[in-house]
Amino acid sequence: MSSQAPSKNTASAKIVNCWNSIGVWGRERPRCPLLAEVIHCRNCDKYIAAGQRALLRPMPPEYQQEWTRLLARKKDADTGHHLTVIIFRVGDEWFSLPVNYLQQVETRRAIHSIPHRNSSIVKGVVNVAGEVKMCFSLGALLGIEQASTLDSTQRTAVYEGLV
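In this report, the structure presented in the accompanying data block is examined. Here the structure is a predicted model, which means the values were calculated and not measured.

**Thoughts on the overall build of the protein**
Inference 1: Secondary structure summary: the protein contains four helices and five strands in total.
Inference 2: Considering the protein as a whole, with its 163 residues, one finds that 17% of them fall into the buried category.
Inference 3: Sequence-distant contacts, at least 24 apart, represent 40% of the contacts inside the protein between residues at least 6 apart.
Inference 4: Accessible surface, the protein as shown: approximately 14000 Å² in total, 54% of it carbon and sulfur.

**Some words on the environment of I121**
Inference 1: Within the element layout of this structure, I121 appears in the loop between β2 (93-98) and β3 (122-128).
Inference 2: Given a relative accessible area of 28%, I121 falls into the partly exposed group.
Inference 3: As a C-alpha pair, I121 and L138 span 17 residues in sequence and 7.3 Å in three-dimensional space.
Inference 4: Ignoring sequence-local partners within four residues, the contact set of I121 consists of C135, F136, S137, A140 and L141.

**Structural notes on the packing of aromatic side chains**
Inference 1: Using the criterion set out here, one finds three aromatic pairs in the structure.
Inference 2: Ring plane angle 85° and centroid distance 4.9 Å describe the contact between W19 and Y47, whose orientation is recorded as edge-to-face. Linking W19 in the segment before α1 (35-38) with Y47 in helix α2 (residues 45-56), this pair joins segments that are 28 residues apart in sequence.

**Points about the pattern of salt bridges**
Inference 1: In this structure the tally under the stated criterion is three salt bridges.
Inference 2: Measuring nitrogen to oxygen at the nearest pair gives 3.4 Å for the salt bridge that ties D92 to R89.

**Observations concerning the side chain of S137**
Inference 1: With respect to the helices and strands, S137 occurs in the loop between β4 (131-136) and α4 (138-142).
Inference 2: Classification of S137 as buried rests on a relative accessible area of 17%.
Inference 3: Within the local environment of S137, its side chain forms a polar contact with the backbone nitrogen of A140, the two atoms lying 3.1 Å apart.
Inference 4: What S137 contacts, discounting residues up to four positions off in sequence, is S120, I121 and K123.

Rules used throughout
Residues numbered from 1 in each chain as written. Predicted model: local features only at pLDDT ≥ 70, side-chain atom pairs only at ≥ 80, totals over all residues. Heavy atoms only, no water. Helix = DSSP H or I, 4+ residues; strand = E, 2+ residues; numbered from the N terminus. Buried < 20%, exposed > 50% of the residue type's maximum accessible area, 1.4 Å probe, protein only. Contact = heavy atoms within 4.5 Å. Areas by Shrake-Rupley, 256 points an atom, 1.4 Å probe, with all protein chains shown as cover. Phe/Tyr/Trp six-rings, centres within 6.5 Å; stacked < 30°, edge-to-face > 60°. Salt bridge = Lys/Arg side-chain N within 4 Å of Asp/Glu carboxyl O. Polar contact = N/O pair within 3.5 Å; in protein donor to acceptor, adjacent residues only side chain to side chain.

As structure tokens, then:
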């Protein structure tokens, strides 16, 4: 995009921006008498008309030429295969899985224990979108000890990188 300043003969130079002097963003006194009626400059007919004029002004030729050149150029060839993974933590260990192995990622749910079951791997059942699902402990399944300073408010991040 062009770094040149707009020329003085464009429609934007003709816009009287009273909202910056006597309107809600201005510091001059007295304030605009219409403010009592319209509450905010964005509700004023002058402000609306100025916005419409700014949007309807002709496009500078150098702007159009630059975008034509950018959109017409040949796309760069892809340099490698992209793999999107989800990164998560179990205890003090960090893992990643390709996202095509996952159906959905859910927030932490209340785990309901199963009566007469005492297993470190099977934690219980959870409600996921109205369905009862088994809840397993990956840490217990993989033999990873509980983290000493596990922050339960951490979010899962999706990382996109090259293979």
